[in-house]
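Inside the fold
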Amino acid sequence: MTPCVSHLFPTVSPRPGDTFSIERQFFGQGAGLIAGLDEAGRGPLAGPVVAACAILPRDGDHHLFRDSKQLTAQQREQLFALLQTNGAVIGVGIADPREIETINILQASLLAMRRALAECVAANNDQTPDVLLVDGRHRVPVTIQQLTLIKGESKSASVAAASIIAKVTRDRLMAEAHACYPQYGFDRHQGYPTKAHRQAIAVHGPCPLHRRTFRGVAEFLPTSDSPMPVQPSLW
């Protein structure tokens, strides 16, 4: 499907101090369902990129949801639990390391967003959102009206909720990965290129969860005479 480039609604803009103002402006222009989309895991050397799609209830306590990077792990977990019970509709999508290597990290992130949107639609009795609020500058390749937002987690509660879901989900996946590959410390750095992670790659070489096209991994790949083992089905 080709991205939607038409503008069904007039231009909207965030209002300082009100992270649900964009959503309310779209509601006022006739939109019925508005979904926020964000991803976690573009920068790591290992693991999947995880996207989430969130439709918040109109009458919720929206100020609670803010950029996941500004929250502690405990706060993210608490808000993740709240989003399971407050009437929000949630979808999660994943692109694994092999997909990231094949289509690049940007396209893999957009693919994960498409999958998150599809899961959210399925969870919402096949009702498609009228508007997508997408973190970043790139549109998701679906034919739905979209507004891209640089630093969207700080401008839209819907995007912030999606960022929390994506971050918590990915952190949990990397904790599971740690159980399979404890030598890398995935439970501490979640695959990001910390000094300790880089040292572990240098000592142990990459594992099947590493992104083999990324600098910091590619130079440590085994030779063709000693191929990397097949990736286990973790996700």
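These lines cover the structure that appears in this document, whether it is placed above or below. The shown structure was predicted, so the numbers you read here are calculated from the model rather than taken from an experiment. (Residues numbered from 1 in each chain as written. Predicted model: local features only at pLDDT ≥ 70, side-chain atom pairs only at ≥ 80, totals over all residues. Heavy atoms only, no water.)

1. Describing the overall build of the chain
- Broken down by element type, the chain carries seven helices and five strands.
- Seen along its three principal axes, the alpha-carbon backbone of the chain occupies a region of about 60 × 40 × 30 Å.
- Evaluated residue by residue, the chain yields a buried proportion of 51% over its 235 residues.
- Of the contacts made within the chain by residues no fewer than 6 positions apart, 64% connect residues no fewer than 24 positions apart.
- Total accessible area on the chain is roughly 11100 Å²; 52% of this is exposed by carbon and sulfur atoms.
- Averaging the locations of the 23 positively and 21 negatively charged side chains of the chain gives two centres separated by 6 Å. (Helix = DSSP H or I, 4+ residues; strand = E, 2+ residues; numbered from the N terminus. Buried < 20%, exposed > 50% of the residue type's maximum accessible area, 1.4 Å probe, protein only. Contact = heavy atoms within 4.5 Å. Areas by Shrake-Rupley, 256 points an atom, 1.4 Å probe, with all protein chains shown as cover. Lys, Arg positive; Asp, Glu negative; His and termini not counted. Charge placed at Lys NZ, Arg CZ, Asp CG, Glu CD.)

2. Here we look at unusual backbone geometry
- Of note, the phi angle at asparagine 125 is positive, near 55°, even though the residue is not glycine.
- Mapped onto the elements of the fold, asparagine 125 is located in the loop between helix H4 (105-123) and strand S4 (131-135).
- Even without being a glycine, aspartate 126 presents a positive backbone phi close to 65°.
- Mapped onto the fold, aspartate 126 is located in the loop between H4 and S4.
- Overall, aspartate 126 belongs to the exposed group, its relative accessible area being 60%.

3. A look at the pairing of strand S2 (residues 49-55)
- Judged by how many residues are buried, S2 sits mostly within the fold: seven of seven residues are covered.
- Judged by which residues are buried, S2 turns out to be covered on both faces: Val49, Ala51, Cys53 and Ile55 on one side and Val50, Ala52 and Ala54 on the other are all buried.
- Pairing analysis gives five bridges linking strand S1 (residues 34-40) to S2, with the strands arranged antiparallel. Bridge pairing in S2 places alanine 40 opposite valine 50.
- Sheet topology note: the S2/strand S3 (residues 89-95) ladder contains seven bridges and is antiparallel. Its bridge partner lying in S3, valine 50 is registered against isoleucine 94. (Pairing = 2+ DSSP bridges.)

4. Quick word on helix H5 (residues 157-180)
- Under the 1.5 Å per step criterion, the end-to-end length of H5 is 35 Å for 24 residues, consistent within 8% with the ideal 34 Å.
- Taken across its 24 residues, H5 has 19 buried, putting it largely inside the fold.
- The residue sitting at the N-terminus of H5 and contributing the capping side-chain oxygen is serine 156; that oxygen lies 3.2 Å from the backbone nitrogen of serine 158. (Expected span 1.5 Å × (residues − 1). Polar contact = N/O pair within 3.5 Å; in protein donor to acceptor, adjacent residues only side chain to side chain.)

5. A closer look at the packing of helix H2 (residues 73-83) against H5
- Running from amino to carboxyl end, H2 crosses H5 at an angle of 115°, the nearest separation of the two axes being 9 Å. When the interaxial angle is binned, H2 and H5 end up roughly perpendicular. For the element pair H2 and H5, the recorded crossing hand is left-handed. Of H5, the residues touching H2 (which contributes Arg76, Glu77, Leu79, Phe80 and Leu83) are Ala161, Ile164, Ile165, Lys167, Val168, Thr169, Asp171 and Arg172.
- Across the contact of H2 with H5, the residue classes break down as seven nonpolar, one polar and five charged. (Axes fitted to C-alpha atoms, helices over the stretch in contact; angles between N-to-C directions. Parallel < 35°, antiparallel > 145°, perpendicular 65-115°, else oblique. Left-handed = near helix turned anticlockwise from the far one by under 90°. Nonpolar A, V, L, I, M, F, W, Y, C, P; charged D, E, K, R; others polar.)

6. Here we look at the nonpolar core
- Core analysis: the biggest nonpolar cluster contains 36 residues, and Leu37, Leu132 and Phe186 have the highest contact counts within it.
- For this core, the secondary-structure elements that each account for two or more residues are S1, S2, S3, H4, S4, H5 and helix H7 (195-204).
- Among the elements that line this core, the one with the most residues is H4, at nine residues.
- Each residue touching phenylalanine 186, except ones within four places of it in the same chain, is listed here: Ala46, Met174, Ala177, His178, Tyr181, Gly191, His197, Cys207, Leu209 and His210.
- Listed in part, the 34 residues of the second largest apolar core include Leu83, Ile90, Ile165 and Leu173. (Core = buried A, V, L, I, M, F, W, Y, C linked by side-chain atoms within 4.5 Å.)

7. Focus: H4
- With 19 residues, H4 ought to run about 27 Å at 1.5 Å a step, and its terminal C-alpha atoms sit 27 Å apart, in line with that.
- The secondary structure elements touched by the buried residues of H4 are S1, S2, S3, helix H3 (97-103) and S4.
- Backbone geometry just downstream of H4 places asparagine 125 in the positive-phi region, at approximately 55°.

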